[in-house]
Structure formats: C-alpha cells, structure tokens
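Results of the structural survey
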Amino acid sequence: MSEDLNPADLFSLLDDDYARAILTKTSKQPMSAQTLSTECDASLPTIYRRLNDLEKENLVEKRTQLEADGNHRAVYEATVEHVEVDIVDGDLTVRVTERDTADRFTQVWEEMRGDR
C-alpha cells in the first residue's frame, strides 16, 4: 500500500462501487480494461479512471499478458488480499495486506505455460 495513503482516502476509494467491483473481479483473475468494462457494466473511461486510482495506491497492478497468437495485452490484477481497520485508544489505523508475491509469480508462470 502507498505509504502516504490515509484511512479517509482508502475509505473514499473503496466507497466507489466500480472500484470495489474491479478489486473483487481482479482478485480472481487478471482482466483487461475491456473485460472489466463489460463485467462491471461501466464505460471504458470510468474503468480506466478507477484503475488509475487503484494503481496509484498500489491496490492493483498492471502487467502484460501474452496471448497464444503471440500478441499481448494489458491486464490488471488486485494486489490486495486483506484490509483491516483497527480503532484502539482513539486512534484509527488501516492495514492493507498484499497478496503473496510468490503466488502471483506462480500464476503468471502458469498463464505463460498455458496451464490456466
């Protein structure tokens, strides 16, 4: 998570229906903006705006996916696995746990080999 992301910014971002839909859908599998537009029933500009916001806060990651025909396309994948909010002694803290990098590498490798 971005070091300078405060709880209010995170809550504001997660309050958006499209941002939440993008996070949940890309937590299952990487998706292109086009696919997200269809899956989220949102315009492509709306999807790109939300993706930019989520990327800026390191909640999604953009990467290149190789296709069987040799072409490639940009896909997005959620990097966040868990969001935890604590209120202790009048202090509010938010902790974002990222998905395990090794698991993400394995997924990319399997996609490249055609296992998925």
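In what follows, the accompanying structure is described. (Residues numbered from 1 in each chain as written. Predicted model: local features only at pLDDT ≥ 70, side-chain atom pairs only at ≥ 80, totals over all residues. Heavy atoms only, no water.)

A few words now on the pairing of strand β3 (residues 80-88). By the bridge criterion, eight bridges tie β3 to strand β4 (residues 91-98) in an arrangement that is antiparallel. The residue bridging V85 from the neighbouring strand is V94, located in β4. Adjacent in sequence and paired antiparallel, β3 and β4 are bridged by two residues, among which D89 carries a positive phi angle near 50 degrees. (Pairing = 2+ DSSP bridges. Helix = DSSP H or I, 4+ residues; strand = E, 2+ residues; numbered from the N terminus.)

A separate point is the environment of T64. Mapped onto the fold, T64 is located in strand β1 (residues 60-66). Spatially, the C-alpha atom of T64 lies 4.7 Å from that of A74, the residues being ten residues apart in sequence. Excluding residues within four positions of it along the chain, T64 makes contact with H72 and R73. (Contact = heavy atoms within 4.5 Å.)

Our next topic: a nonpolar patch on the surface. A surface patch of nonpolar side chains, amounting to about 430 Å² of accessible area, comprises F11, V83, V85, I87 and L92. When residues in the nonpolar patch are grouped by element, the largest group, three residues, is from β3. Of note, I87 is situated in strand β3. (Patch = residues over 30% accessible without salt bridge, like charges linked within 9 Å, V, L, I, M, F, W, Y side chains within 5 Å. Areas by Shrake-Rupley, 256 points an atom, 1.4 Å probe, with all protein chains shown as cover. Salt bridge = Lys/Arg side-chain N within 4 Å of Asp/Glu carboxyl O.)

Here seven bridges tie β1 to strand β2 (residues 72-78), and the two strands are oriented antiparallel to one another. By the bridge assignment, L66 is partnered in β2 with H72. In this antiparallel pair of consecutive strands, β1 and β2, the connection spans five residues, and G70 shows a positive phi of 95 degrees.

So, on to the side chain of E77. Inspection of the secondary structure puts E77 in strand β2. E77 gets classed as buried once you look at its relative accessible area, which sits at 1%. At a separation of 3.4 Å, a polar atom in the side chain of E77 contacts the side chain of R63. (Buried < 20%, exposed > 50% of the residue type's maximum accessible area, 1.4 Å probe, protein only. Polar contact = N/O pair within 3.5 Å; in protein donor to acceptor, adjacent residues only side chain to side chain.)

Turning our attention to the environment of E84. Along the chain, E84 falls in strand β3. According to the relative accessible area criterion, E84 is partly exposed, its value standing at 27%. Sequence separation between E84 and R95 is eleven residues; the distance between their C-alpha atoms is 5.1 Å. Not counting residues within four places of it along the chain, the set of residues in contact with E84 comprises T93, V94 and R95.

Oppositely charged side chains may form a pair once their charged atoms are brought near each other. According to the stated counting rule, one finds seven salt bridges in the structure shown. With a shortest N-O distance of 2.9 Å, D16 and R50 are connected by a salt bridge. You can see D16 sitting in the loop between α1 (7-14) and α2 (17-28) and its partner R50 sitting in helix α4 (residues 44-56), a full 34 residues away along the chain. Here D16 matches R50 in class, with each residue buried. Here E67 makes a salt bridge to R73, at a shortest N to O gap of 2.7 Å. Taken together, the salt bridges that share partners define one network made up of E84, D86 and R95.

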